[in-house]
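Observations on the three-dimensional arrangement
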Amino acid sequence: MTVNKSGKKVFEKELEDYRDQVWGCARCNWCQNQWGWSVKSAEFSEICPAFHEYRFFPYSGMGKMHIARALIEGDFDYADAPELAEFIYTCTTCGACEMNCQRMQDKEPLKVNEALRARFVRDGVGPMPEHKNLINSVKSYDNPWMQPRTQRDRWAKKLPVKDIGKEPAETLFFVGCTTALDASMSQVARDTASILLKAGVDLGTLGKKELCCGSPIARVGDRETFIELALRNRELLNNTGVKEIVTSCPGCYRAVKHDYPEVPGAAALNFKVYHTVEYIDRLIADGKLTLSREIPLKATWHDPCHLGRHCGIYDAPRNILKAIPGITFVEKERNRDQSWCCGGGGGARTAFLDFAQRTAEKLIDEARRTTGAEAIVTCCPFCEQNIGDVLQRTGDGMKLYNLIALVSQSIA
Amino acid sequence: MAAEQKQKVTQKKLAPHVYQALEDVVGKRWISEKRSLVETYSKLSIEGMTFVRKHRKDDTAVPACVVLPGTTGEVQSIVKVCNRYSVPFIPFTNGQVFSATTNDQPTLIIHLSRMNSIINIDTDNMVATLQAYVDYAQLQAEAMKHGLWNGGTPLATTVCKLSSQFSFAGLWQTDLKYGLLNRNLVSVKMVLPDGKILTVGSRCLPKAGDFWEYGPGPDLLGMQRGGAGSNGIVTEITVKLHPWAGDTTLPEVPHGRPSLEDVHEPKYDSPPPPANHRLHWIEFKDFSSQIKTMRDISHSGIAIGLNATGVYSAYYCSQTQEMTWERCKNKFFPDYNCYVIIAGITSAKQIDYEEKVLQKIVERNGGTFLTADHKPEVLEALKPWNLDCIRHTCGFRMNRKMYANAWLPTGPFEVGRQTQEFWSDALNAFGECDITDRGGADDTPFLYALQRGRFSFAEVDNYPDPTNPEEIQKAAGYGIYGMARLVKEKVCPCLMAFLSVEPFTTMFPEVGPNQHTLFQKIRRVFDPKGVNAPGRQVYTREEWENVPPMLKQWVNKMREMVGLESVQ
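Residues numbered from 1 in each chain as written. Chains lettered and ligands numbered in written order. Predicted model: local features only at pLDDT ≥ 70, side-chain atom pairs only at ≥ 80, totals over all residues.

**Observations regarding the overall build of chain A**
Helix and strand counts for chain A stand at 18 helices and nine strands. Computed over its C-alpha atoms, the radius of gyration of chain A comes to 21 Å, within 12% of the 22 Å expected for a compact globule of 412 residues. With the C-alpha coordinates aligned to their principal axes, the bounding extent of chain A is approximately 65 × 45 × 35 Å. Taking all contacts inside chain A whose residues are at least 6 apart in sequence as the whole, residues at least 24 apart take part in 78%. (Helix = DSSP H or I, 4+ residues; strand = E, 2+ residues; numbered from the N terminus. Rg over C-alpha atoms; globule rule 2.2 N^0.38 Å. Contact = placed C-beta atoms within 7 Å.)

In structure tokens form, the structure reads like this:
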């Protein structure tokens, strides 16, 4: 009756493998609420974006456990409940439910929901229609944005970054689809490469050969496509001969570092995986980067779920922000493991844009009211897109920065 | 889909005109009868019988519809619709502990999740008024900003709603000083089962304000509290606040916050106590010296909380199920122990003084403090209690399997000894479901000192495999045996309302005696159509006739086992 004891890897577990967990849900409601010790106000005490929005239990982690139980036992089927996909896919996979449920009861409502999604895809009732374009794009173009492969290294024009297929390098910059291909994000790629080169890192990229990490595919439940991608990526990355990989996107980071080892039948990774913020934090600590240019700004940090709650990188971005002269760092009320999701993950933004944006509005509201900050800083392209769209649409005066951009500005 | 091979459970539905009438009250967005949605309101947490019903594919366990009112007025309108069309309804917050269960008629769930605002904190008069879905963590967080707090959180975690705990009178971990929730009520606003609104306490007089729970006239508040939710839906609750000695927020754990990759590391569960609070752990050589010390501490007037956790700390303070089992097996935590919460409410000198008194009491009774020199590893492992004593989070860690039921006998401190004896007999009679069931039998039961030790609360629980209906029934057997034994031995069997929930209300007529006949009269007054949480506190004759004979036989078997006559 404990988690992770079946001997199976996450991506080979069926919904039935969670049977004991879903029967044992105690309805304690921690999946909807902040960990009790962390609650600082009534208004910001909840943590599940979907339950906060819709108020019915099926939108919560607990609700998923009960739905999973009923499906496992055959109490109803898809024909009886055509609404199921909405409940399953409004989850942003932020992992807050899993964090608190594991801490309370050693159970895994997020993994249960991901197993539900995998079953939906297997049975042809998932993912949401909007997700299918994304999956087809990955299958056709190796990226979810329907961009030709030839565009993937366009961001690197005139930068002295090695093409790892042509010459060896110690460190691989795994750029990620959104950062590489979205014109509004590609400056992050350029800044990242420039910063690392300036610090003397022997840096290369996969150029046009870089593939989607598969994270968006995994999150919406298409295991077959994800496993295929993961196996291709692992072979590709293992063959580069690099010692370390630096990823720009928290989704890529989580996928390469934590999801790939959960894929059955693949070789171990022969390199270390870092996110850019932890890598840059280390460069600063080692004296290889100096942040000296002042940026007068009162700023708060938004923890991207895949970087913070999923992977535990909380301190590195805060260290960097505090190291930038002129920045006054202020902490949002909900932070780190109890951070409020921006709403952009898990396919929620793709299929339920209104919900995703209302979730981001709540984040911006919290940032303003609990910190008085003039800027939100983050480092995830999905968070940036979702929060940025809301700020643009509402004409909100709150500023939004990628941390890499601030580091780049502050380097002398 | 493999599940298609299995027997489905059909949902009963409300008549379309009833659904429409309800939708007219709350709007389309806040009502649903979708099959998968109602499912999530169908299996309760520690209500073993709903698990058995689910395993049996019993369609009476599935509600017909769920509605989410946003105001007292909407609750009232919903209840009136239910009365007009004779639709049974069940008020619902978390559904964690003893929510009423559905029956064979299409049943409406009134989920109060939209009513989640703190209406007012009156710092001058030290009271707070809350909507029904506000939980302890929310209230504490807001009250602490004003140098106040509500006086405690329940064992069943801070996400428990005060309006729900009202139904069971409410246990806290700082009952030593502040008393149960039922001693901290000032007023409630309820929608009665017939749709009338009842406001009790001084606020029922226009402009009188919230200062007195009893007046004027007969104590209608007392009649409602502990009523197992049978006499109406609480939509607002006003509670007392007390001076808070700590900071405006609780302290952070020095080792930082966990991620999903390392959430089970014990270091994340090691917070310091709140500012101006200290927690002391004491172990004893036997149960007698533990009880004697607890009585002396209670009577001395020091401390705000005093509780013995025994082996329960293995569940509360372990980060994985394996660790729990290991610690139970190896008796990592002392068999006989208690912890004392000292708060410097008036000044720091208060802490020094109370610690001196505590030292003398412990010394006199032969207890030993857990310190950096004496069992430091145990003291370290107990650190989750440092904040749990104020804002309880870990209680349901015990619930990794299934928390089937509990005995909660109350009485003088000696009730702990009786609990230990009877529980051992139950386990020996039926056999344990899990190694953790022995907690409270071989060792100290949970024992909380209430209201300066005038009475105490003992607890033992059991944890069957939720996927195994036979185990669940066996575990339910302990519970019924326990109630029968406690009644037979004339020990008060319930802190909250355990013997005020059917079928036990009627099947234990020794309580009262014949309390069920009084409850039947009350129900007829408040719920003439029998629609509110039907049969929760007491059955009508008609409902009683519909109780499965097997259940009656089962309870009677337990009665006979302990030497009570069968109830016909």
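**Let's talk about the overall build of chain B**
Helix and strand content of chain B: 20 helices and 19 strands. Taking 2.2 N^0.38 as the reference for a compact globule, 568 residues should give roughly 24 Å; the C-alpha atoms of chain B span a radius of gyration of 24 Å, in line with that estimate. Dimensions of chain B, computed from C-alpha atoms along their principal axes, come out at roughly 70 × 60 × 55 Å. Counting only residues that meet the buried cut, chain B has 58% of its 568 residues in that class. (Buried ≥ 20, exposed ≤ 12 C-beta atoms within 10 Å, placed from the backbone.)

**Considerations on the sheet that holds strand S1 (residues 31-32) of chain B**
The strands making up a sheet associate through backbone hydrogen bonding, with each pair oriented either parallel or antiparallel. All names here are of chain B. Strand order in the open sheet formed by four strands is S1-S2-S4-S3, with mixed pairing between adjacent strands. With one partner strand each, in any of the chains shown, S1 and strand S3 (89-92) form the two edges of the open sheet. Where strand S2 (residues 65-67) and strand S4 (residues 108-111) come together, three bridges link them in parallel fashion. Among the inter-strand pairings, Val66 is bridged to a residue of S4, identified as Ile109. Set on the sheet, helix H4 (residues 72-85) makes contact with S2, S3 and S4; between it and S4 the angle comes to about 170°. (Pairing = 2+ DSSP bridges. Axes fitted to C-alpha atoms, helices over the stretch in contact; angles between N-to-C directions.)

**Here's the deal with the domain arrangement of chain B**
Where interface size is quoted, it is often the accessible area lost as the parts come together. Residue and element names in this part refer to chain B. Domain boundaries assigned for chain B yield domain 1 (2-111), domain 2 (118-243), domain 3 (266-488) and domain 4 (500-561). Between the C-alpha centres of domain 1 and domain 4 there is a distance of 22 Å. Every contact between the two is made by 11 residues of domain 1 and, on the other side, eight residues of domain 4. When residues of the side of domain 1 that touches domain 4 are traced back to their parent elements, those giving at least two are H4 and S3. Looking at which element gives the most residues to the side of domain 1 that touches domain 4, the answer is S3, with three residues. Looking at the side of domain 1 that touches domain 4 residue by residue, the classes come out as eight nonpolar, three polar and no charged. (Domains from an automatic or database assignment. Nonpolar A, V, L, I, M, F, W, Y, C, P; charged D, E, K, R; others polar.)

**Quick notes on the sheet that holds strand S9 (residues 197-199) of chain B**
All names here are of chain B. Spatially, S5-S6-S10-S8-S9 is the arrangement adopted by the five strands of the open sheet, whose pairing is antiparallel. Of all strands in the sheet, those with a lone pairing partner are strand S5 (118-122) and S9, marking the two edges. Geometrically, the sheet is characterised by an average inter-axis angle of 10° between neighbouring strands, direction not taken into account. Pairing of strand S8 (residues 185-191) with strand S10 (residues 233-240), which is carried by six bridges, proceeds in the antiparallel orientation.

**Concerning helix H9 (residues 186-198) of chain A**
Residues and elements named next belong to chain A. Given a rise of 1.5 Å per residue, 13 residues ought to cover 18 Å, and the 18 Å separating the end C-alpha atoms of H9 matches this to within 8%. Of all the residues in H9, the buried ones are Val188, Ala189, Asp191, Thr192, Ala193, Ile195 and Leu196. On its buried face, H9 is in contact with strand S2 (171-174), helix H8 (177-181), strand S3 (203-205), helix H13 (276-285), strand S9 (399-402) and helix H18 (403-410). The positive-phi residue at the C-terminal boundary of H9 is Gly200, with phi of around 85°. (Expected span 1.5 Å × (residues − 1).)

**Re the domain arrangement of chain A**
All names here are of chain A. For chain A, the assigned domains are domain 1 (10-122), domain 2 (129-281) and domain 3 (290-410). On the domain 2 side, the residues contacting the nine residues of domain 1 number nine residues. Class assignment for the residues of the side of domain 1 that touches domain 2 results in five nonpolar, one polar and three charged.

**Digging into helix H5 (residues 96-105) of chain A**
Residue and element names in this part refer to chain A. Within H5, 10 of the 10 residues are buried, which leaves it mostly tucked inside the rest of the structure. Of the residues making up H5, those classed as buried are Ala96, Cys97, Glu98, Met99, Asn100, Cys101, Gln102, Arg103, Met104 and Gln105. Where H5 is buried, its residues touch helix H3 (61-73) and helix H6 (109-122). Count one or two residues on from H5 and you reach Asp106, which has phi positive near 65°.

**Overview of the nonpolar core**
Generally speaking, soluble globular proteins have nonpolar side chains that are buried together. With 293 residues, the main nonpolar core has Ala68 of chain A together with Val67, Leu108 and Ile110 of chain B as its most contacted residues. In terms of residues, this core owes the most to one element, helix H16 (residues 469-488) of chain B, which gives 10 residues. (Core = buried A, V, L, I, M, F, W, Y, C linked by C-beta atoms within 7 Å.)

**Quick word on unusual backbone geometry**
Backbone torsion omega between Gly126 of chain A and Pro127 of chain A reads 0°, so that peptide bond is classified as cis. Following the sequence through the fold, Pro127 of chain A ends up in the loop between H6 and helix H7 (129-141). Residue Pro513 of chain B is bonded to the preceding Gly512 of chain B through a cis peptide linkage, with omega at 0°. Counting through the fold element by element, Pro513 of chain B comes out in the loop between helix H17 (504-507) and helix H18 (515-526). A positive phi angle is found at Ala303 of chain B, which is not glycine, with a value near 75°. Of note, Ala303 of chain B is situated in the loop between helix H9 (287-300) and strand S13 (305-308). For Ala303 of chain B, a count of 24 C-beta atoms within 10 Å gives the class buried.

**With respect to the packing of H9 of chain A against H18 of chain A**
Residues and elements named next belong to chain A. One way to put it is that H9 packs onto H18 with a least axis distance of 9 Å and a crossing angle of 45°. Here H9 lies oblique to H18, going by the angle between them. Here H9 and H18 pass one another in a crossing that is left-handed. Two secondary-structure elements touch here, H9 through Gln187, Val188, Asp191, Thr192, Ser194 and Ile195 and H18 through Ile404, Ala405, Val407 and Ser408. Residue composition of the contact of H9 with H18, by class: five nonpolar, four polar and one charged. (Parallel < 35°, antiparallel > 145°, perpendicular 65-115°, else oblique. Left-handed = near helix turned anticlockwise from the far one by under 90°.)

**Remarks on the environment of Arg35 of chain B**
Looking at where Arg35 of chain B falls in the secondary structure, it is placed in helix H2 (residues 35-39). Measuring from C-alpha to C-alpha, the distance between Arg35 of chain B and Val62 of chain B comes to 9.0 Å, with 27 residues separating the pair along the chain. When near neighbours in sequence (up to four residues on either side) are disregarded, Arg35 of chain B contacts Phe76, Asp80 and Ala81 of chain A together with Gln11 of chain B.

**Remarks on the packing of H5 of chain A against H6 of chain A**
All names here are of chain A. At a closest axis distance of 7 Å, the pairing of H5 and H6 adopts a crossing angle of 130°. Judged by the inter-axis angle, H5 sits oblique to H6. On H6, the residues touching Cys97, Glu98 and Cys101 of H5 are Pro109, Leu110 and Lys111. When grouped by side-chain class, the residues that make up the contact of H5 with H6 number four nonpolar, no polar and two charged.

**Regarding the pairing of strand S4 (residues 244-247) of chain A**
Residue and element names in this part refer to chain A. Bridge count for S2 against S4 is four bridges, and the pairing is parallel. Opposite Thr171, over in S4, you have Glu244 as the bridge partner. Relative to strand S5 (residues 272-275), S4 runs parallel, the two sharing four bridges. Bridging across to S5, Ile245 finds its partner in Val273. For the crossover that starts at S4, traverses helix H12 (residues 250-259) and ends in the parallel S5, the hand is right-handed. (Right-handed = clockwise from strand over helix to strand, strands pointing away.)

**Observations regarding the pairing of strand S8 (residues 375-378) of chain A**
If a strand is regular, its side chains alternate between the two faces of the sheet. All names here are of chain A. Here three bridges tie strand S6 (residues 297-301) to S8, and the two strands are oriented parallel to one another. Opposite Ala299, over in S8, you have Ala375 as the bridge partner. In this sheet, S9 lies alongside S8 in parallel orientation, the contact comprising four bridges. Looking at the pairing, Ala375 lines up with Lys399 of S9. In the classification by handedness, the crossover that spans S8, the intervening helix H17 (residues 381-394) and the parallel S9 is right-handed.

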